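Listed below, chain by chain, are the residues.
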Amino acid sequence: MFIELKREAYEANLQLPKQGLINLTFGNASAIDRDRGVFAIKPSGVDYVSLRAEDMVLVDLDGKIVEGALKPSSDTPTHRCLYLGFKDIGGVVHTHSSHATAFAQSGRAIPCFGTTHGDYFYGEVPVTRKMSENEIASGYEWETGNVILERFKGIEALDCPAVLVNRHGPFTWGQTVAKAVENAVALECCAHMALMSMQLVPSLEPIEPELLNKHFKRKHGPGAYYGQAKH
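A.B. asks: Sorry if this is basic, but what is going on with the overall build of the protein chain here?
C.D. replies: Along the protein chain, the regular secondary structure elements total 8 helices and 7 strands. The C-alpha radius of gyration of the protein chain comes to 17 Å, within 12% of the 17 Å expected for a compact globule of 231 residues. Taken along the three principal axes of its C-alpha coordinates, the protein chain extends 50 × 50 × 35 Å. In the protein chain, which comprises 231 residues, the share counted as buried stands at 46%.

In structure tokens:
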């Protein structure tokens, strides 16, 4: 019944180790069918080598398992919270990619120093506040989603399809799960370049607003002209 949805989620999950974003079993990807209110997500702790499309677990937006013999990812409540909060997204990815996670662990946003970053993220990639003891103790994964949504008040989710969870790691999203994976790759690349740039010039200032606007808006929004026309 949800064969295509499972396939999309499965293929996205396989891309995470392939793209160098995953060590061991850290991380997960999910894809949602908005019309039916169900998303497919990686099962918890299953090695990517042995993962199969049929292993994907289907969960509805109330948090109930619709289909699947295995336990869903422990991060499932965070994915569900983001799907409920960001109505235009179709996929979510969570990794512990090294450079983006270094910024997250440090509680630092990733500054936008150049056009590579500006092609994907409209300004700095934000970091959440630290979670409270109560949030950690009660409904930790759900509250992780809530602190992300809190941080994104006033920010368009698709203008900056990534966040760093303080002391934890990055989450990315997109209109499709494939795009969420692409954004995760771009995020790790930008984090690595930002770290090197800060080592070279510790006092480096963020990119000029007019250059950021040019690069982001030529790829995104109604006036975008980058790439080929869609038929």
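Structure shown, so let's carry the discussion forward.
A.B. asks: I would appreciate a short explanation of the side chain of Asn-13 in the present structure.
C.D. replies: Structurally, the position occupied by Asn-13 is in helix 1 (residues 3-18). Dropping the residues within four chain positions of it, Asn-13 is found in contact with Asn-28, Ala-29, Lys-42, Tyr-48, Leu-51 and Met-56.

A.B. asks: Please clarify how the pairing of strand 7 (residues 169-174) should be interpreted in this entry.
C.D. replies: Regular strands place their side chains on alternate faces of the sheet. Burial analysis of strand 7 places 6 of its 6 residues in the buried class, which makes it a mostly covered element. Of the strand pairs in this sheet, strand 5 (residues 91-94) and strand 7 are connected by 4 bridges, and their pairing is antiparallel. If you follow Val-93 over to strand 7, its bridge partner there is Thr-172. Looking at chain direction, strand 6 (residues 162-165) and strand 7 are connected through 4 bridges and run antiparallel.

A.B. asks: Can you walk me through the nonpolar core in this structure?
C.D. replies: What tends to happen in soluble globular proteins is that the nonpolar side chains get buried as a cluster. Phe-121, Leu-164 and Trp-173 are the most contacted members of the largest nonpolar core, which has 35 residues in total. Every element with two or more residues in this core is listed here: strand 2 (38-41), strand 3 (57-60), helix 2 (76-85), helix 3 (98-106), strand 6, strand 7 and helix 7 (177-200). Those residues within four positions of Phe-121 in sequence are excluded, and the remaining contacts are Asp-159, Cys-160, Pro-161, Ala-162, Asn-183, Ala-186, Leu-187, Cys-190, Leu-212 and Phe-216.

A.B. asks: Help me understand helix 6 (residues 140-151), please; the structure alone is not making it clear to me.
C.D. replies: Working note: α-helix, 3.6 residues per turn, so residues spaced by three or four point in the same direction. Counted at 1.5 Å a residue, the expected span for helix 6 with its 12 residues is 16 Å, and the 16 Å between its end C-alpha atoms agrees. For helix 6, the full list of buried residues reads Thr-144, Gly-145, Val-147 and Ile-148. Burial along helix 6 is one-sided: seen end-on, the buried residues are contained in an arc of 160°. Buried residues along helix 6 sit against helix 2, helix 5 (133-137), strand 6 and strand 7.

A.B. asks: How do you make sense of the sheet that holds strand 5 when you look at a structure like this?
C.D. replies: Adjacent strands of a sheet pair through backbone hydrogen bonds, lying either parallel or antiparallel. On the basis of which strands lie adjacent, the open sheet formed by 7 strands has the order 4-3-2-1-5-7-6 and antiparallel pairing. In this open sheet, the two edge strands, each paired with only one partner strand, are strand 4 (65-67) and strand 6. Between one strand axis and the next, the sheet turns by 25° as a mean value, whatever way the strands run. Where strand 3 lies against strand 4, 2 bridges are found, and the strand directions are antiparallel. Bridged to Val-59 within strand 4 is Ile-65. With respect to the sheet, helix 1 is in contact with strand 1 (28-33), strand 2, strand 3, strand 4 and strand 5, its orientation differing from that of strand 1 by roughly 155°.

A.B. asks: Looking at this structure, how should I read the packing of helix 3 against helix 7?
C.D. replies: Relative placement of two packed helices is described by the angle separating their axes and the distance separating the axes. Running from N to C, helix 3 and helix 7 point in directions that differ by 65°, and their axes come no closer than 7 Å. It follows from the interaxial angle that helix 3 and helix 7 lie roughly perpendicular. Relative to helix 7, the crossing made by helix 3 is left-handed. Of the residues in helix 7, those touching helix 3 at Ser-98, His-99, Ala-100 and Phe-103 are Leu-187, Glu-188, Ala-191, His-192, Ala-194, Leu-195 and Met-198. Residues of the contact of helix 3 with helix 7, tallied by class, amount to 7 nonpolar, 3 polar and 1 charged.

A.B. asks: For this particular structure, what's the right way to read the environment of Val-177?
C.D. replies: Residue placement: Val-177 occurs in helix 7. Between the C-alpha atom of Val-177 and that of Glu-205, which follows or precedes it by 28 residues, the distance is 33 Å. Sequence-distant contacts of Val-177, defined by excluding residues within four places in its chain, comprise Glu-8, Ala-12, Ala-29, Ser-30, Ala-31, Gly-90, Gly-91 and Val-92.

About the criteria used
- Residues numbered from 1 in each chain as written.
- Predicted model: local features only at pLDDT ≥ 70, side-chain atom pairs only at ≥ 80, totals over all residues.
- Heavy atoms only, no water.
- Helix = DSSP H or I, 4+ residues; strand = E, 2+ residues; numbered from the N terminus.
- Rg over C-alpha atoms; globule rule 2.2 N^0.38 Å.
- Buried < 20%, exposed > 50% of the residue type's maximum accessible area, 1.4 Å probe, protein only.
- Contact = heavy atoms within 4.5 Å.
- Pairing = 2+ DSSP bridges.
- Core = buried A, V, L, I, M, F, W, Y, C linked by side-chain atoms within 4.5 Å.
- Expected span 1.5 Å × (residues − 1).
- Arc of directions from axis to C-beta.
- Axes fitted to C-alpha atoms, helices over the stretch in contact; angles between N-to-C directions.
- Parallel < 35°, antiparallel > 145°, perpendicular 65-115°, else oblique.
- Left-handed = near helix turned anticlockwise from the far one by under 90°.
- Nonpolar A, V, L, I, M, F, W, Y, C, P; charged D, E, K, R; others polar.

By themselves, these are just geometric observations and shouldn't be taken as functional.
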